[in-house]
Amino acid sequence: MRPELDRLQLIEQQLLRTLAALPADEWRLRQLFDPELAADTAAQRQLYQGLRLAGRRQLRRELQLIHVRLYAPGPRSWLAWLRRWWAQ
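Counting restarts for each chain: residues are numbered from 1 in the order of the written sequence. Only residues with pLDDT of at least 70 get local features here, since the model is predicted, and only at 80 or more are side-chain atom pairs given and counted; chain-wide, interface and lining totals rely on the full set of residues. Neither water nor hydrogens contribute to the side-chain values; these are computed over all heavy atoms in the structure.

Peer 1: Which residues make up the pattern of salt bridges, and what values do they have?
Peer 2: In what follows, salt bridge is the name for a side-chain nitrogen of Lys or Arg lying within 4 Å of a carboxyl oxygen of Asp or Glu. In total, this model carries five salt bridges according to the counting rule given. Between R7 and D40 there is a salt bridge, with its nearest N and O atoms 3.0 Å apart. Of this pair, R7 sits in helix 1 (residues 3-16) while D40 sits in helix 3 (residues 35-71), and the two are 33 residues apart along the sequence. The class of R7 is partly exposed, set by a relative accessible area of 25%. The partner of R30 in a salt bridge is E26, and the shortest N-O contact between them spans 3.7 Å. Of this pair, R30 and E26 are both found in helix 2 (residues 24-33), four residues apart, which corresponds to roughly one turn of the helix. Per the convention used, a helix needs a DSSP run of H or I reaching at least four residues, while a strand needs a run of E reaching at least two, with both numbered from the N terminus. Note on exposure labels: buried denotes an accessible area under 20% of the residue type's maximum, exposed denotes more than 50%, and partly exposed covers the range between, all computed with a 1.4 Å probe on protein chains only.

So this is what it looks like as structure tokens:
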């Protein structure tokens, strides 16, 4: 594997706390002696937080759409949906 990919894999293992992750003390030492590693780790952590936030927002939108479909008045009400489902 290329060195950049090895480095990214190492960072991901640490952030995701996989079984292959280094012991915490060794990881801290590596970050102390390699400031770029610490910066790359912080950037990767921010990326993960952004992805997590985007995923939550998407789930919220999907849940709101489901709620509207179930409880909106008219032909798409939950009672109409239940009747269609029961008829199957």
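Peer 1: Mind laying out the packing of helix 1 against helix 3, listing which residues take part and the relevant values?
Peer 2: The contact between helix 1 and helix 3 brings their axes to 10 Å, and the two run at 60°. As judged from the angle between their axes, helix 1 and helix 3 are oblique. For the crossing formed where helix 1 meets helix 3, the hand is right-handed. Contacts from R7, L8, I11, E12, L15 and L16 of helix 1 reach helix 3 at E36, L37, D40, T41, Q44, R45 and Y48. Across the contact of helix 1 with helix 3, the residue classes tally to six nonpolar, two polar and five charged. Each axis is a line fitted through C-alpha atoms, taken for helices only over the stretch in contact, and angles between the N-to-C directions span 0 to 180 degrees. Orientation is classified from the angle alone, with under 35 degrees giving roughly parallel, over 145 giving roughly antiparallel, 65 to 115 giving roughly perpendicular, and any other angle giving oblique. By convention the crossing between two helices is left-handed if the near helix lies anticlockwise of the far one by an angle smaller than a right angle, and right-handed if it lies clockwise. Whether two residues touch is decided by their heavy atoms; if any such pair falls within 4.5 Å, the residues are in contact. Gly is placed with the polar residues, together with every amino acid not listed as nonpolar (Ala, Val, Leu, Ile, Met, Phe, Trp, Tyr, Cys and Pro) or charged (Asp, Glu, Lys and Arg).

Peer 1: Can you break down helix 1 residue by residue, with the values?
Peer 2: Multiplying 1.5 Å by the residue count of a helix minus one yields the expected span of that helix. An ideal rise of 1.5 Å per residue puts 20 Å on 14 residues; helix 1 measures up with 20 Å between its terminal C-alpha atoms. Restricting attention to buried positions, one finds in helix 1 the residues L10, I11, Q13, Q14 and L15. Considering only its buried residues, helix 1 is in contact with helix 2 and helix 3. In the stretch just after helix 1, R17 is the one whose phi turns positive, near 55°.

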